[in-house]
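Per-entry structural report
These are the residues of each chain, in order.
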Amino acid sequence: MKQYDFLIVGSGLFGAVFAFEAKKHGKKCLVIEKRSHTGGNVRCESIEGITVHKYGAHIFHTSSSRVWSYVNELCEFNNFINSPLANYKGEIYNLPYNMYTFSKLWGISTPDEARAIISEQSAKIKGEPKNLEEQAIKLVGEDVYRKLVKGYTEKQWGRSCSELPAFIFRRLPVRYTYDNNYFNDCYQGIPVGGYNVLIDRLLEGTDVILGTDYNSDRESFNSLADTVLYTGRLDSFYDYRFGRLEYRGLRFETEILDTENYQGVAVMNYTDRETPFTRIIEHKHFESGNQKKTVITKEFSVECKEDAEGYYPVNDEKNQELFEKYKELAKKEENVIFGGRLAEYKYYDMDKVIESALKTADEVFG
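A brief look at the structure comes next. (Residues numbered from 1 in each chain as written. Predicted model: local features only at pLDDT ≥ 70, side-chain atom pairs only at ≥ 80, totals over all residues. Heavy atoms only, no water.)

As a further point, take the overall build of the chain. When helices and strands are tallied, the chain shows eleven helices and 16 strands. In terms of overall size, the chain behaves like a compact globule, its C-alpha atoms giving a radius of gyration of 22 Å where 366 residues would be expected to give roughly 21 Å. Oriented by its inertia axes, the alpha-carbon framework of the chain measures out at about 70 × 50 × 35 Å. Relative to its 366 residues, the chain shows a buried fraction of 56%. A fraction of 72% describes how many contacts in the chain between residues 6 or more apart in sequence connect residues 24 or more apart. (Helix = DSSP H or I, 4+ residues; strand = E, 2+ residues; numbered from the N terminus. Rg over C-alpha atoms; globule rule 2.2 N^0.38 Å. Buried < 20%, exposed > 50% of the residue type's maximum accessible area, 1.4 Å probe, protein only. Contact = heavy atoms within 4.5 Å.)

When we look at burial in helix H2 (residues 65-74), the residues that qualify are Val67, Trp68, Tyr70, Val71 and Leu74. Down the axis of H2, the sector holding all buried residues measures 160 degrees, keeping them to one side. Tucked inside the fold, the buried residues of H2 contact helix H1 (13-24), strand E5 (60-62), strand E8 (187-189), helix H7 (195-202) and helix H11 (350-365). (Arc of directions from axis to C-beta.)

Before going further, it helps to examine unusual backbone geometry. The residue after Leu95, namely Pro96, is reached through a cis peptide bond having omega -5 degrees. By the secondary structure assignment, Pro96 is in the loop between strand E7 (91-94) and helix H3 (99-106). One non-glycine residue with positive phi stands out, namely Asp239, at about 50 degrees. In this fold, Asp239 is placed in the loop between helix H9 (234-237) and strand E11 (247-257). By relative accessible area, which is 57% here, Asp239 ends up exposed.

As a further point, take the packing of aromatic side chains. Two numbers describe a pair of aromatic rings. These are the distance of the centres and the angle of the planes. Here the structure, examined in full by the defined rule, presents 31 aromatic pairs. Geometrically, the ring pair formed by Phe6 and Phe365 is edge-to-face, given 5.7 Å between the ring centres and 75 degrees between the ring planes. Of this pair, Phe6 sits in strand E1 (residues 4-9) while Phe365 sits in helix H11, placing them 359 residues apart in sequence. The residues Phe6 and Phe365 share a single accessibility class, namely buried. Judged by centre distance (5.2 Å) and plane angle (85 degrees), the rings of Tyr182 and Phe183 are edge-to-face. Accessibility expressed as a relative area gives 21% for Tyr182, which makes it partly exposed. Each residue in the set Tyr214, Phe221, Tyr230, Phe237, Tyr238, Phe242, Tyr326 and Phe338 is aromatic and connected to the rest through ring pairs, giving one cluster. Its end group placed over the ring of Tyr176, Arg115 keeps NZ or CZ at 3.9 Å from the ring centre. Taking NZ or CZ as reference, Arg244 lies 3.8 Å from the ring centre of Tyr240, over its face. (Phe/Tyr/Trp six-rings, centres within 6.5 Å; stacked < 30°, edge-to-face > 60°. Lys NZ or Arg CZ within 6 Å of the ring centre and 35° of its normal.)

Next up on the list: H11. Its 16 residues give H11 an end-to-end C-alpha distance of 22 Å, which sits within 8% of 22 Å, the value for a rise of 1.5 Å per residue. Those residues of H11 that are buried are in contact with E1, H1, E5, H2, H7 and strand E16 (336-338). Where H11 terminates, the next one or two residues include Gly366, which has phi positive at roughly 80 degrees. (Expected span 1.5 Å × (residues − 1).)

Read across the sheet, seven strands follow the order E7-E6-E12-E13-E14-E11-E15 without closing on themselves; strand pairing throughout is mixed. Single-partner strands in this sheet number two, and they are E7 and strand E15 (312-313). (Pairing = 2+ DSSP bridges.)

The subject of this paragraph is the nonpolar core. Within the largest apolar cluster, 59 residues are counted, with the highest numbers of intra-cluster contacts made by Tyr97, Phe102, Tyr214 and Phe338. Those residues within four positions of Tyr214 in sequence are excluded, and the remaining contacts are Leu7, Val9, Ile32, Phe221, Asn222, Val228, Tyr230 and Phe237. Ranked by size, the runner-up nonpolar core spans 46 residues in total, among them Val42, Phe60, Val71 and Cys75. (Core = buried A, V, L, I, M, F, W, Y, C linked by side-chain atoms within 4.5 Å.)

Looking now at the pattern of salt bridges. Under the criterion given, the structure shown has 23 salt bridges. Between Lys318 and Glu246 there is a salt bridge; the shortest N-O distance is 3.1 Å. One end of the pair, Lys318, is in helix H10 (residues 317-331); the other, Glu246, is in the loop between H9 and E11, and 72 residues separate them in sequence. Residue class for Lys318 comes out exposed when judged on its relative accessible area of 55%. The partner of Glu253 in a salt bridge is Arg251, with the nearest N and O atoms 2.7 Å apart. Given the relative accessible area of 32%, Glu253 is considered partly exposed. Several salt bridges converge on common partners, so that one network encompasses Arg35, Glu309 and Arg341. (Salt bridge = Lys/Arg side-chain N within 4 Å of Asp/Glu carboxyl O.)

Written as structure tokens, this is what we have:
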């Protein structure tokens, strides 16, 4: 008999939720994590008494009552509402694109005026948009695209908007109301004290080994458990036999500033092409902190090289075809379960990761 029922590769939300569910069903799990800490990209750290989101802003939002109830049973959430701002060469605009944005941009006050301007500007796009540039102009018009979409998006993806697929822009909300809430979901907030509280609760009572790469000694690790739950990169699992799936990476520069309030908002996007970073996060605003100092993080989008952490999958046609090849191999595996954003090569919001992990647990444990 093997030492564990499940070997879980990765301690992010997917792996941690599955471990918690397995423990409830009397199963013993070993979690191995390549990084020196648990939690994956939701990891937080305390600096100057401020909870800092180590890998960029993570705001929990969902319309699933099951997921919201699930996480609130594990830890307390605050009522943070994401209302980011856009900075275009010193001009400040509200996000998501809404009546405050249109009023500032065009000096108008009614939805009918905004619709008329956007309709006139978007008329140049005929038929189905062929790329992100056409999709954006069709949805929000030329002016919004030029000031608030083009520069930010090209920094984010490292290529021209005319070379990016249209679907990337479809997930951004456009509103003809004076509403600065970025998300449409019913529930929103951030764990009080940060996401470590949630991850620690999920992994309570589960064996965890940090700083360990599963792929470096796969056979040895497999011998420890009956079943493997793998949440790492799918191409890495197969030693990149068909080639590497492309990702965009991120680089963070975090500073402690001797001021109480640097930018007045948790997230400020820099939408001009010339500013090298995409956004600045001021962490204390996630929990309304009143500390004498503040901590900011500048976020840079970079090319993801070799085994660097992949943040955003490049879901273009070429990469999707490559992923399908790996997916076919994964279907043939016995005693291996794949899940999470890396294994599924999918951009996942946190609630969708949890939802997927719970669905997987339901299928495994009944």
